[in-house]
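Results of the structural survey
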Amino acid sequence: MLDATASAPTSTTGSFTIGDKFVSVPVRQGTLGPSVVDIGKLYSQTGVFTYDPGFTSTASCESKITYIDGDNGILLYRGYPIEQLAEKGDFLETCYLLLYGELPTAAQRADFNYRIRRHTMVHEQLARFFQGFRRDAHPMSVLVASVGALSAFYHDATDISEPHQRMLASMRLIAKLPTLAALAYKYAIGQPFIYPKNDLDYASNFLRMCYAVPCEEYEVNPVMARALDQIFILHADHEQNASTSTVRLAGSSGANPFACIAAGVACLWGPAHGGANEAALKMLEEIGTVKNIPKYIARAKDKNDPFRLMGFGHRVYKNYDPRAKIMQKRCHEVLNETGRKDDPLLEVAMELEQIALSDEYFIEKKLYPNIDFYSGITLKAMGFPTSMFTALFAVARTAGWVAQWKEMIEDPSQKIGRPRQLYTGAKQRDYVPIAQR
Ligand code: CMC
């Protein structure tokens, strides 16, 4: 039975008994959010492990970067509400904030933007790798490989014990991810690669690398650029989610940052995580018309049917995802700009949202639309194929991954991540020669 009295702001003591053993554990309090019971010495004191599949009650690290209050729908980067950053800031400023902990001054911002823009090109030999992929390769498969391959090119940024190299690798990753994602896209559609143009802002540069062709002038649409920049801000970090935890775990062994971020890209790909925007759009397409919605709602509620409403529910948000609210507004702007405001997909999305929000099953389980519900429709209206959605998420999340990776490396208490297990396999037994089996 845990008995923690939170009298001191930073640390108290909790106690409980396991069998006949009385255990006293520190209970640490952060600046916001639930306290944590520090069970680091539990095994040496009692001989038992804790068990928490999916980490639903486990804080895996201490962090100063991002805070989420899932019950109240709050998301803060370094203390700043996501709504304010999305409305008033831009993506590179957000990257600076995540990496350095403070908003930049005008001079710091100009210097940071300059340094990121200086790193947007990838080595020509790396660009040639792309020719080896099948032309129908999923952009995420290309991204996993090409991000990992960066470590073969930047030996001057892989010594993780060097602060300068850590920052250089972080900046290179933020700068080069859009280039790699755009290369993956161009390769898939058989168009020539477009080099970055460093007088453009981050989002505009990415749009140009994706949509320009050498035989025509390309003019960036400012509404699209602003929408994309905001999508990047909204996806930049999200605390200790699956891909970020993957980056931290990979990095805890001392692996180089390019390899760690490639691991993060791989984890992000899954449909329960970054792949959800692609899955949400496919689901809307499958539903097709408003009259089919009740059938799909019934399927989502059926315990014997594995179908889930993609773009609904979140491990942490048990309230409206604050990013979804911003994304919903931006989605309408983009649809207006592209003349697709009567897109039947949007009609299905709106109706689905209304029905799900008033349905007892979804209310009781606190399943609200998440950011992926709207980002898919927005990205589709911007002209991106569904296969690129998660790649765009990876471009944005790289900012959070590198910030979290750096924080971990710079944490003096950092050690290799090595979870334990509850073993339920066979007890020790003797080898049986094949003739006797
Ligand atoms: N549709 C129908 N039922 C659902 C859904 C859904 N989208 N999500 C959860 N449930 C039900 C689930 O069946 C379970 O019911 P019961 O208690 O009767 O067994 C209950 O709600 C709790 O679900 P859970 O799987 O235990 O919750 P979780 O916190 O492990 O899962 C989630 C979170 C995001 C994986 C899940 O809600 C889901 O699969 N959603 C659809 C995929 C999606 O949109 N993912 C994007 C997440 S946001 C992007 C990001 O941050 O990466």
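Small disclaimer: the values here were computed from a predicted structure and weren't measured.

A look at the overall build of the protein chain
Along its length, the protein chain carries 18 helices and six strands. The globule rule puts the C-alpha radius of gyration for 437 residues at 22 Å, and the 24 Å found for the protein chain is close to it. Taken along its principal axes, the extent of the C-alpha atoms in the protein chain is 75 × 65 × 60 Å. Counting only residues that meet the buried cut, the protein chain has 47% of its 437 residues in that class. In the protein chain, 69% of the contacts between residues at least 6 apart in sequence involve partners at least 24 apart. On the protein chain, roughly 22,100 Å² of surface is accessible, and the fraction owed to carbon and sulfur atoms is 53%. Mean positive and mean negative side-chain charge positions of the protein chain (47 and 47 charges, respectively) differ by 5 Å.

Some details on the confidence of the model for the protein chain
When pLDDT is averaged along the protein chain, the result is 92; 98% of the residues meet or exceed 70. Confidence over residues 1-8 falls short of pLDDT 50; this stretch has 18 contacts with residues more than four positions distant or in other chains.

Considering the site of the ligand
The local shell around the ligand holds 20 residues, among which H273, K303, L309, G311 and R315 are the closest. At 2.6 Å from an oxygen atom of the ligand is found a side-chain nitrogen or oxygen belonging to K303. At 2.8 Å, a side-chain N or O of R315 approaches an oxygen atom of the ligand. For the ligand, whose accessible area on its own is 940 Å², the fraction buried by protein is 75%. Tallied by class, residues from the shell around the ligand come to eight nonpolar, six polar and six charged.

Quick notes on the sheet that holds strand β2 (residues 21-28)
Sheet architecture is open: three strands sit in the order β1-β2-β3, paired in antiparallel fashion. This sheet does not close on itself; its edge strands, each paired only once, are β1 (11-18) and β3 (36-37). Bridging between β2 and β3 involves two bridges; their strand directions are antiparallel. Directly across from V27, in β3, lies its bridge partner V37.

Quick look at the pairing of strand β5 (residues 74-77)
Alignment of strand β4 (residues 66-69) against β5, held across four bridges, turns out to be antiparallel. Bridged to T66 within β5 is Y77. Linking β4 to β5, which pair antiparallel, is a turn of four residues; within it G73 sits at a positive phi near 65°. Across two bridges, the pairing between β5 and strand β6 (residues 80-81) is antiparallel. Of the residues in β6, the one forming a bridge with Y77 is Y80. Taking the residues that link successive antiparallel strands as the turn, the β5-β6 hairpin has two residues, and the phi of R78 there is positive, at about 50°.

Let's talk about unusual backbone geometry
Even without glycine at this site, E239 takes up a positive phi of about 60°. Note on placement: E239 falls in the loop between α9 (222-235) and α10 (242-252). One non-glycine residue, K366, adopts positive backbone phi at about 55°. Relative to the elements of secondary structure, K366 occurs in the loop between α16 (360-364) and α17 (371-381).

Some remarks on the pattern of salt bridges
Scanning the entire structure with this criterion turns up 16 salt bridges. A salt bridge links D229 to R226, with the nearest nitrogen and oxygen atoms 3.5 Å apart. Taken together, the residues D229 and R226, both in helix α9 and three residues apart, mark about one turn of the helix. Among the residues examined, R226 registers a relative accessible area of 25% and is labelled partly exposed. Among the ionic pairs, K406 bridges to E410, the shortest N-O distance being 3.2 Å. Placement of both K406 and E410 in helix α18 (residues 389-410) is noted, with a separation of four residues, approximately one turn of the helix.

Regarding the sheet that holds β6
Strand pairs in the sheet, formed through backbone hydrogen bonds, run parallel or antiparallel to each other. Strand order in the open sheet made by the three strands is β4-β5-β6, with antiparallel pairing throughout. Edge strands, defined here as strands with exactly one partner in the open sheet, are β4 and β6.

With respect to the packing of aromatic side chains
Counted according to the given criterion, the structure contains 21 aromatic pairs. With a centroid separation of 5.4 Å and 90° between ring planes, the pair formed by Y96 and F112 is classed as edge-to-face. One end of the pair, Y96, is in helix α3 (residues 91-100); the other, F112, is in helix α4 (residues 106-117), with 16 residues separating them in the sequence. For F112, a relative accessible area of 1% puts it in the buried group. Measuring from centroid to centroid gives 5.8 Å for F130 and F193, while their planes differ by 75°, and the two rings are edge-to-face. Of this pair, F130 sits in the loop between α5 (124-129) and α6 (139-149) while F193 is found in the loop between α7 (163-189) and α8 (202-211), placing the two residues 63 residues apart along the sequence. Overall, the relative accessible area of 24% leaves F193 in the partly exposed class. What links up through ring pairs into an aromatic cluster is the set F91, Y185, Y202, F206, Y211, F232 and F384.

Calculation notes
Residues numbered from 1 in each chain as written. Predicted model: local features only at pLDDT ≥ 70, side-chain atom pairs only at ≥ 80, totals over all residues. Heavy atoms only, no water. Helix = DSSP H or I, 4+ residues; strand = E, 2+ residues; numbered from the N terminus. Rg over C-alpha atoms; globule rule 2.2 N^0.38 Å. Buried < 20%, exposed > 50% of the residue type's maximum accessible area, 1.4 Å probe, protein only. Contact = heavy atoms within 4.5 Å. Areas by Shrake-Rupley, 256 points an atom, 1.4 Å probe, with all protein chains shown as cover. Lys, Arg positive; Asp, Glu negative; His and termini not counted. Charge placed at Lys NZ, Arg CZ, Asp CG, Glu CD. pLDDT = per-residue confidence, 0-100. Near = heavy atom within 4 Å. Polar contact = N/O pair within 3.5 Å; in protein donor to acceptor, adjacent residues only side chain to side chain. Nonpolar A, V, L, I, M, F, W, Y, C, P; charged D, E, K, R; others polar. Pairing = 2+ DSSP bridges. Salt bridge = Lys/Arg side-chain N within 4 Å of Asp/Glu carboxyl O. Phe/Tyr/Trp six-rings, centres within 6.5 Å; stacked < 30°, edge-to-face > 60°.

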